[in-house]
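Next come the chains, spelled out residue by residue.
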Amino acid sequence: MGDTCGAVLRCRARMKIKESGINLLAGDLVEVNVSDGVIEKVYPRKNSIIRPPVANIDQVVILMSVSKPPIDLVLLDRLLISVESLKIDVILCLNKMDLINDLQKERAEEIRETYENCGYRIFYTSAVTGQGVHQLETFLKNKVNVFAGPSGVGKSTLINRIKPGLQLKSAPVSLKTERGRHTTRHVELLMIEKATFIVDTPGFQKLDLKGFSSRELSSCFPEIISFAGSCRFTGCMHRAEPDCRVKEAVQRGKIAPWRYNHYLMFLQEIQQAEKKF
Ligand code: GDP
Ligand code: ZN
């Protein structure tokens, strides 16, 4: 055994690893025999996700653009709750700030305030002017960061800005749909610094909520958690029940209506899926 000293090795897994049914993932920590490139051992993972296939993630960065394409809050919340359910740290990034107009700026501020009140860190960036990029970078240090978000929001461009020379392909957003084409296919840990990595993922488009239970869903909305404790019924789903503090909080403007609506929408999806089984 030895240290690869930063060199990239082409490796294959020892038969016993293959036979044990372990599928190696990007991000796996392994012991490798540097002389013949055979992987002898795969260390236990602290987490892993299937789509994209990555292990040992420290943080997910959810990227949306403020314009072209406009922010998709349903997708943002879908991504957020799927990361929450995995108990992985998450930060949010609103990119293409150079394209923002006054109306969009007001909306972006409202969005920022809402998510900050839920306890999330949210950055404004422009991969073109460099606005906010340095600040974002300081939060990526010494972590395996997975960049997630729909295609066309600027993930590859932002990564190129953070680490020029990686030569990631970026594709112009098609004028007709304002959605980018898929240019990111295989999964790779891009080394930014010695212990800092970014995984650029193929655009998440249709994230479903398979495997979620209705109870688990409410625990993925921090603002619902903070009011749910005082609802009249212990098993309150915060939908049609009387004396629901969550619904009250929505009416009093303490919970953003779109977040509550997304909760209801996801709840319905989950309950419909539960009925099928
Ligand atoms: P990805 O699919 O998320 O990786 O998006 P890309 O990085 O391929 O970017 C899609 C398009 O948006 C490209 O034409 C980029 O040049 C453009 N783009 C990316 N970031 C910005 C930004 O901050 N401002 C502006 N104006 N354009 C951007
Ligand atoms: Zn309730």
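Residues numbered from 1 in each chain as written. Chains lettered and ligands numbered in written order. Predicted model: local features only at pLDDT ≥ 70, side-chain atom pairs only at ≥ 80, totals over all residues. Heavy atoms only, no water.

J.: What should I look at first to understand the overall build of the protein chain in this one?
T.: Secondary structure summary: the protein chain contains 9 helices and 11 strands in total. Relative to its 277 residues, the protein chain shows a buried fraction of 44%. Taking all contacts inside the protein chain whose residues are at least 6 apart in sequence as the whole, residues at least 24 apart take part in 66%. Summed over all atoms, the accessible surface of the protein chain reaches about 15300 Å², with 52% contributed by carbon and sulfur. (Helix = DSSP H or I, 4+ residues; strand = E, 2+ residues; numbered from the N terminus. Buried < 20%, exposed > 50% of the residue type's maximum accessible area, 1.4 Å probe, protein only. Contact = heavy atoms within 4.5 Å. Areas by Shrake-Rupley, 256 points an atom, 1.4 Å probe, with all protein chains shown as cover.)

J.: Looking at this structure, I do not really get unusual backbone geometry. What am I missing?
T.: Glycine aside, a negative phi is what most residues show, and trans is what most peptide bonds show. The omega torsion across Lys68 and Pro69 is 0°, close enough to zero to call that bond cis. Summarising the element assignment, Pro69 is placed in the loop between strand 6 (59–65) and helix 2 (73–85). The phi dihedral of Asn56 falls on the positive side, at around 55°, and the residue is not glycine. Checked against the element boundaries, Asn56 lands in the loop between strand 5 (54–55) and strand 6. Asn56 gets classed as buried once you look at its relative accessible area, which sits at 9%. The backbone of Asn142 shows a phi angle near 55°, a positive value even though the residue is not glycine.

J.: Whenever I open this one, the environment of Ala228 confuses me. Can you help?
T.: Relative to the helices and strands, Ala228 is located in helix 7 (residues 222–228). According to the relative accessible area criterion, Ala228 is partly exposed, its value standing at 23%. Residues Ala228 and Arg245 lie 17 residues apart in sequence; the distance between their C-alpha atoms is 6.3 Å. Setting aside residues up to four positions removed in sequence, Ala228 forms contacts with His238 and Val246.

J.: Would you explain the sheet that holds strand 9 (residues 144–148) in this entry?
T.: Think of a sheet as strands paired side by side through backbone hydrogen bonds, with each pair either parallel or antiparallel. On the basis of which strands lie adjacent, the open sheet formed by 6 strands has the order 8-7-6-9-11-10 and mixed pairing. A single partner strand is all that each edge strand has here, and the edge strands are strand 8 (121–124) and strand 10 (189–193). When strand polarity is set aside, the average angle formed by the axes of neighbouring strands in this sheet is 25°. Taken together, the 7 bridges between strand 6 and strand 7 (residues 89–95) define a ladder with parallel strand orientation. Directly across from Val60, in strand 7, lies its bridge partner Val90. The strands touched by helix 2 are strand 6 and strand 7; relative to strand 6, the strand with the most contacts, the crossing angle is about 180°. Together, strand 7 and strand 8 form the strand contacts of helix 3 (residues 102–117), whose direction differs from that of strand 8 by roughly 155°. (Pairing = 2+ DSSP bridges. Axes fitted to C-alpha atoms, helices over the stretch in contact; angles between N-to-C directions.)

J.: What is the right way to read the pattern of salt bridges from this model?
T.: Side chains that differ in charge, positive against negative, can pair when their charged atoms come close. Taken as a whole and assessed by the stated rule, the structure comprises 11 salt bridges. For Arg45, the salt bridge goes to Asp28, with nearest N and O atoms at 2.8 Å. In this pair, Arg45 is assigned in the loop between strand 3 (38–42) and strand 4 (48–49) and Asp28 in the loop between helix 1 (15–19) and strand 2 (30–33), connecting sequence segments 17 residues apart. A residue is classified by how much of its surface remains accessible, and Arg45, at 33% relative accessible area, is partly exposed. Taking relative accessible area as the criterion, Asp28 reaches 13% and is therefore assigned buried. Put simply, Glu193 and Lys141 hold a salt bridge, and the shortest N to O gap is 3.1 Å. On the criterion of sequence distance, the pair formed by Glu193 in strand 10 and Lys141 in the loop between helix 4 (133–138) and strand 9 is long-range, its members being 52 residues apart. Its relative accessible area of 37% is what places Glu193 among the partly exposed residues. By relative accessible area, Lys141 is classed as partly exposed at 41%. Shared partners join several salt bridges into a network, and the residues in it are Asp77, Glu223 and Arg259. (Salt bridge = Lys/Arg side-chain N within 4 Å of Asp/Glu carboxyl O.)

J.: I would appreciate a short explanation of the coordination of the zinc ion (ligand 2) in the present structure.
T.: Taken together, the protein donors to the zinc ion (ligand 2) comprise Cys231 (SG), Cys236 (SG), His238 (ND1) and Cys244 (SG), at separations of 2.2 to 2.4 Å. Coordination at the zinc ion (ligand 2) is tetrahedral, judged from the 4 donor atoms that bind it and the angles of 103 to 116° they form at the metal. All donor residues of the zinc ion (ligand 2) come from one chain, and their arrangement in sequence is C-x4-C-x1-H-x5-C. Of this pair, Cys231 sits in the loop between helix 7 and helix 8 (245–251) while Cys244 sits in the loop between helix 7 and helix 8, and the two are 13 residues apart along the sequence. (Donors = N, O, S within 2.8 Å, 3.2 Å for Na, K, Ca; no water. Tetrahedral: all angles 85-135°; square planar, octahedral: opposite > 155°, others 65-115°.)

J.: Just checking my understanding: could you explain a nonpolar patch on the surface for this structure?
T.: Taken together, the side chains of Ile22, Leu24 and Val30 present a nonpolar region at the surface, about 190 Å² in accessible area. Relative to the helices and strands, Val30 resides in strand 2. Judged by its relative accessible area of 32%, Val30 falls in the partly exposed class. (Patch = residues over 30% accessible without salt bridge, like charges linked within 9 Å, V, L, I, M, F, W, Y side chains within 5 Å.)

Functional significance is not addressed by these values, which are geometric in nature.
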